[in-house]
Amino acid sequence: MQPPEPISAPAAATAYEVPLWRLYVIRLGALAGVISLGSDVLPALIWPDPVGRGMITSILGGLCLMALIAIRYPLKMVPILLFEFVWKLIWLLRFGLPQWSAGTGSPRLGEDLISIGLFPLVFGLVIPWGYVWRHYVKAPAERWR
């Protein structure tokens, strides 16, 4: 049996700069996403509405597949987590909370506040913010030419 190949310096730094427990939290969140999205979206993908446009179903199906990848590669999927965090936070601050506070929301607003508006808090706890800061804010930009 051969010894494992040594990890290169940049890969080793990335592999150990986020605590293992945080990687498991991301994996657990991804698994929850696969289960919840899969249970909602999979039937609609298997038996699509013959006249439906399918845009939301397709986007959610894509997110479900990305969540599967995040179980194996949690740090590589951080941009997907950031996308989810940002769009849901925008919805909550610009649409959900203003409609709720004004009492002008649709009958579905209460359900949307839970299914969309609760998740910025969840994603805010799951995202490894130190990693995001080091890799997406502080790190030098990739070359332009």
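A brief structural summary. Model, not experiment: these values are computed from the prediction.

1. Considering the overall build of the protein chain
- Each helix and strand counted, the protein chain has seven helices and zero strands in total.
- Moving toward the C terminus, one meets the helices and strands of the protein chain in the order α-α-α-α-α-α-α.
- Going through the 145 residues of the protein chain one by one, you find that 27% of them count as buried.
- At a minimum sequence separation of 6, the contacts of the protein chain that also span at least 24 residues come to 72%.

2. Things to note about the nonpolar core
- Core analysis: the largest hydrophobic core is formed by 13 residues, its most contacted members being L75, V78, L81 and I127.
- Broken down by secondary-structure element, the contributors of at least two residues to this core are α2 (20–46), α4 (78–102), α6 (119–126) and α7 (129–138).
- Element by element, the count of residues in this core is highest for α4, at four residues.
- Beyond its immediate stretch of four places on either side in the chain, L81 contacts I26, F123, V126 and I127.
- Core analysis: the next-biggest nonpolar cluster, separate from the first, contains eight residues, A30, L63, A67 and A70 among them.

3. Focus on the packing of aromatic side chains
- Within this structure, the stated rule accounts for three aromatic pairs.
- Between the aromatic rings of F85 and W129, the centroid separation amounts to 5.4 Å while the plane-to-plane angle is 70 degrees, which identifies the pairing as edge-to-face. With F85 in helix α4 and W129 in helix α7, this pair connects stretches of sequence that are 44 residues apart.
- Residue F85 is classed as buried on the basis of its relative accessible area, which comes to 16%.

4. A closer look at α4
- Taking 1.5 Å per residue, 25 residues should reach 36 Å; α4 reaches 35 Å between its end C-alpha atoms and fits that length.
- Residues of α4 that are buried include every one of V78, L81, L82, E84, F85, K88, W91, L92 and G96, and no others.

5. Re the side chain of K88
- Tracing the sequence through the fold places K88 in helix α4.
- Residue contacts for K88: discarding those within four places in its chain leaves S115, I116, F119, P120 and F123.

6. Describing the environment of R143
- Looking at where R143 falls in the secondary structure, it is placed in the segment after α7.
- Judged by its relative accessible area of 74%, R143 is exposed.
- Separated by 2.6 Å, the side chain of R143 and the backbone oxygen of R145 make a polar contact.

7. Quick notes on a nonpolar patch on the surface
- Nonpolar side chains collect at one region of the surface, where I114, L118, F119, L121, V122 and L125 lie side by side and expose about 560 Å² of accessible area between them.
- Looking at the nonpolar patch element by element, the count peaks at four residues for α6.
- Summarising the element assignment, F119 is placed in helix α6.
- Judged by its relative accessible area of 31%, F119 is partly exposed.

8. Section: the packing of α2 against helix α3 (residues 55–72)
- Running from N to C, α2 and α3 point in directions that differ by 145 degrees, and their axes come no closer than 8 Å. Relative to α3, the crossing made by α2 is left-handed. Each of R27, A30, L31, V34, L37, G38, V41, A44 and L45 in α2 lies in contact with α3, whose residues at this interface are T57, L60, G61, L63, C64, A67, L68, A70, I71 and R72.
- Partitioning the contact of α2 with α3 into residue classes produces 14 nonpolar, three polar and two charged.

Thresholds applied
Residues numbered from 1 in each chain as written. Predicted model: local features only at pLDDT ≥ 70, side-chain atom pairs only at ≥ 80, totals over all residues. Heavy atoms only, no water. Helix = DSSP H or I, 4+ residues; strand = E, 2+ residues; numbered from the N terminus. Buried < 20%, exposed > 50% of the residue type's maximum accessible area, 1.4 Å probe, protein only. Contact = heavy atoms within 4.5 Å. Core = buried A, V, L, I, M, F, W, Y, C linked by side-chain atoms within 4.5 Å. Phe/Tyr/Trp six-rings, centres within 6.5 Å; stacked < 30°, edge-to-face > 60°. Expected span 1.5 Å × (residues − 1). Polar contact = N/O pair within 3.5 Å; in protein donor to acceptor, adjacent residues only side chain to side chain. Patch = residues over 30% accessible without salt bridge, like charges linked within 9 Å, V, L, I, M, F, W, Y side chains within 5 Å. Areas by Shrake-Rupley, 256 points an atom, 1.4 Å probe, with all protein chains shown as cover. Salt bridge = Lys/Arg side-chain N within 4 Å of Asp/Glu carboxyl O. Axes fitted to C-alpha atoms, helices over the stretch in contact; angles between N-to-C directions. Left-handed = near helix turned anticlockwise from the far one by under 90°. Nonpolar A, V, L, I, M, F, W, Y, C, P; charged D, E, K, R; others polar.

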